[in-house]
Amino acid sequence: MAAPPTAPGPAPPFLDDVCPSTGAAWRFYRTEVERADQLTNGRAWIQAFEHVLQNMPRPRRQLVPSISDSGDPRHTLPSYGPKQRNDAARAMRDPAATPGLPEAARTGFGRQLRLPSGDEVLVIVNVGRKAPLQLPRKFRDMSLEELEPSIIVAAARCPHMGACLNEGEIKDVEDLAGGGRRAVVRCPWHNQQFDLHSGEGEGNASRLPLHHARVLHGALYVGAPLPPGARAEPARAPGAAVAEAMDVDEPSAAESGDALAGQRAASPGADQPLASAARRQKSRSPRPPGGRVLRQMNTIC
């Protein structure tokens, strides 16, 4: 999805938009993410995780009842269960357990952020349906605009019991229904899994909240839903809120002089009322172009 046009000038701290299908208002907050090297390459993290997992102590075979004959126990093939996978993810964070692992892989598969709204989100990139099969160059040399199609932003905590999802793992699996690939996140506490494209739980009734993201003004903006009934506000540059709250623009000396000189001839002695009228006229000046830009951003749903 192409990024909407933006107004020139300083980057605003947030941008508001309204979903055309639901009418819900969203506020997109500017984050500190401005370069690719401030994010984690999700596909490279998966490769590093599988390498660490394969070098973990192999699980032993277990005796389990046979499905066809409960009286004939069989040995199961060794497999990596949730415990072994959690141990591998934990080992990736410990330099003593995994020497030589790239530092970018030690902080988890995503970039965790806290928005001014209070939402804790996890930014994941280069996995899933819109991730290219191969990057045209090194991940750290990519621009945010190039990575934007594959950026996924989800709640940072599991909706089940609040576990930190960044301590679990992500998988880039084949999408048998829709074709291509899809990204899945696994919670480290109770092994619950969620589709990162729809938020739906896989084998559970929970739903992982997802957030919209935009690359604007050279930074990543992450959206959070506004409370019901809240109205979207026009974009404003830092510090513009104070000027708008005063709602008074002082006219320049030339503008004031021309207006007063033209009225003195028609109505001598009316300097004070005319000065007040000039101020009222200036205070009713149209809003900056940012308001018109926001009304064109109806593409979040």
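The rules behind each value
Residues numbered from 1 in each chain as written. Predicted model: local features only at pLDDT ≥ 70, side-chain atom pairs only at ≥ 80, totals over all residues. Heavy atoms only, no water. Helix = DSSP H or I, 4+ residues; strand = E, 2+ residues; numbered from the N terminus. Buried < 20%, exposed > 50% of the residue type's maximum accessible area, 1.4 Å probe, protein only. Areas by Shrake-Rupley, 256 points an atom, 1.4 Å probe, with all protein chains shown as cover. Pairing = 2+ DSSP bridges. Axes fitted to C-alpha atoms, helices over the stretch in contact; angles between N-to-C directions. Phe/Tyr/Trp six-rings, centres within 6.5 Å; stacked < 30°, edge-to-face > 60°. Lys NZ or Arg CZ within 6 Å of the ring centre and 35° of its normal. Expected span 1.5 Å × (residues − 1). Contact = heavy atoms within 4.5 Å. Polar contact = N/O pair within 3.5 Å; in protein donor to acceptor, adjacent residues only side chain to side chain. Salt bridge = Lys/Arg side-chain N within 4 Å of Asp/Glu carboxyl O.

Caption draft 1: Structural context of the overall build of the chain. From N to C terminus, the chain includes seven helices and 14 strands. Buried residues in the chain amount to 39% of all 301 residues. Summing over all exposed atoms, the chain offers an accessible surface of approximately 17,200 Å²; the carbon and sulfur share of this is 53%.

Caption draft 2: Expanded view of the sheet that holds strand β1 (residues 14-18). Pairing is antiparallel across the open sheet formed by four strands, whose spatial order is β1-β2-β14-β13. Sheet topology places β1 and β13 (213-216) at the edges, where each strand pairs with a single neighbour. On average, each strand axis in the sheet is inclined to that of its neighbour by 30°, with strand direction left out of account. With five bridges joining them, β1 and strand β2 (residues 25-30) adopt antiparallel strand pairing. Residue pairing across strands places Asp 16 opposite Arg 27, the latter belonging to β2.

Caption draft 3: Main features of the packing of aromatic side chains. Summed over the entire model, instances satisfying the criterion amount to two aromatic pairs. Measuring from ring centre to ring centre gives 5.3 Å for Trp 45 and Phe 49, while their planes differ by 10°; the resulting arrangement is stacked. In this pair, Trp 45 and Phe 49 are both assigned in helix α1 (residues 42-54), four residues apart and thus about one turn of the helix distant. Counting every residue linked through ring pairs, the aromatic cluster contains Trp 45, Phe 49 and Phe 109. Taking the ring centre of Phe 14 as reference, the NZ or CZ of Arg 27 above it sits at 4.2 Å.

Caption draft 4: How the structure looks around α1. Across its 13 residues, α1 extends 19 Å between first and last C-alpha, which sits within 8% of the 18 Å expected from 1.5 Å per residue. The set of residues buried in α1 consists of Gly 42, Arg 43, Trp 45, Ile 46, Ala 48, Phe 49, Val 52 and Leu 53. Those residues of α1 that are buried are in contact with α2 (82-92) and β8 (169-174). At the N-terminal end of α1, a side-chain oxygen is found 3.3 Å from the backbone nitrogen of Arg 43, two or three residues along, and the residue is Asn 41.

Caption draft 5: Region of the structure containing unusual backbone geometry. With a phi close to 65°, Asn 191 is a non-glycine residue in the positive phi region. Assignment of secondary structure puts Asn 191 in the loop between β9 (181-186) and β10 (193-195). Using a relative accessible area of 32% as the deciding quantity, one classes Asn 191 as partly exposed. In this structure, His 217 is a non-glycine residue whose phi angle is positive, near 55°. Structurally, His 217 can be placed in the loop between β13 and β14 (219-225).

Caption draft 6: Layout of the sheet that holds β9. Strand order across the open sheet formed by four strands is β8-β9-β10-β11, with antiparallel pairing between neighbours. Strands at the two margins of the open sheet, each flanked by one partner only, are β8 and β11 (201-202). As paired strands, β10 and β11 are joined by two bridges and run antiparallel to one another. Looking across to β11, one finds that Phe 194 is bridged to Gly 201.

Caption draft 7: The pattern of salt bridges, seen in detail. Under the defined criterion, the tally for this structure stands at 19 salt bridges. A salt bridge links Asp 195 to Arg 182; the nearest nitrogen and oxygen atoms lie 3.2 Å apart. With a gap of 13 residues between them, Asp 195 in strand β10 and Arg 182 in strand β9 connect regions that are remote in the sequence. In this structure, Asp 195 and Arg 182 share a single accessibility class: buried. One connected set of salt bridges, linked through shared partners, spans Glu 50, Arg 85, Glu 169 and Arg 186.

Caption draft 8: Geometry of the environment of Leu 165. One can find Leu 165 in the loop between β7 (152-155) and β8. Along the primary structure Leu 165 and Phe 109 are separated by 56 residues, whereas in three dimensions their C-alpha atoms are 9.4 Å apart. Excluding residues that lie within four positions of it along the chain, Leu 165 makes contacts with Phe 109, Leu 122, Ala 155, Ala 156, Arg 157, Cys 158, Val 185, Cys 187 and Leu 208.

Caption draft 9: Summary view of the pairing of strand β6 (residues 120-124). In terms of residue burial, β6 counts as a mostly covered element, since four of its five residues are buried. Sheet analysis places strand β5 (residues 111-114) next to β6, joined by four bridges and oriented antiparallel. When the bridges of β6 are listed, Arg 114 appears paired with Glu 120. Between the end of β5 and the start of β6, which pair antiparallel, lie five residues, with Gly 118 showing a positive phi angle near 100°. In this sheet, β7 lies alongside β6 in antiparallel orientation, the contact comprising four bridges. Residue pairing for β7: Leu 122 is matched across the bridge by Ala 154.

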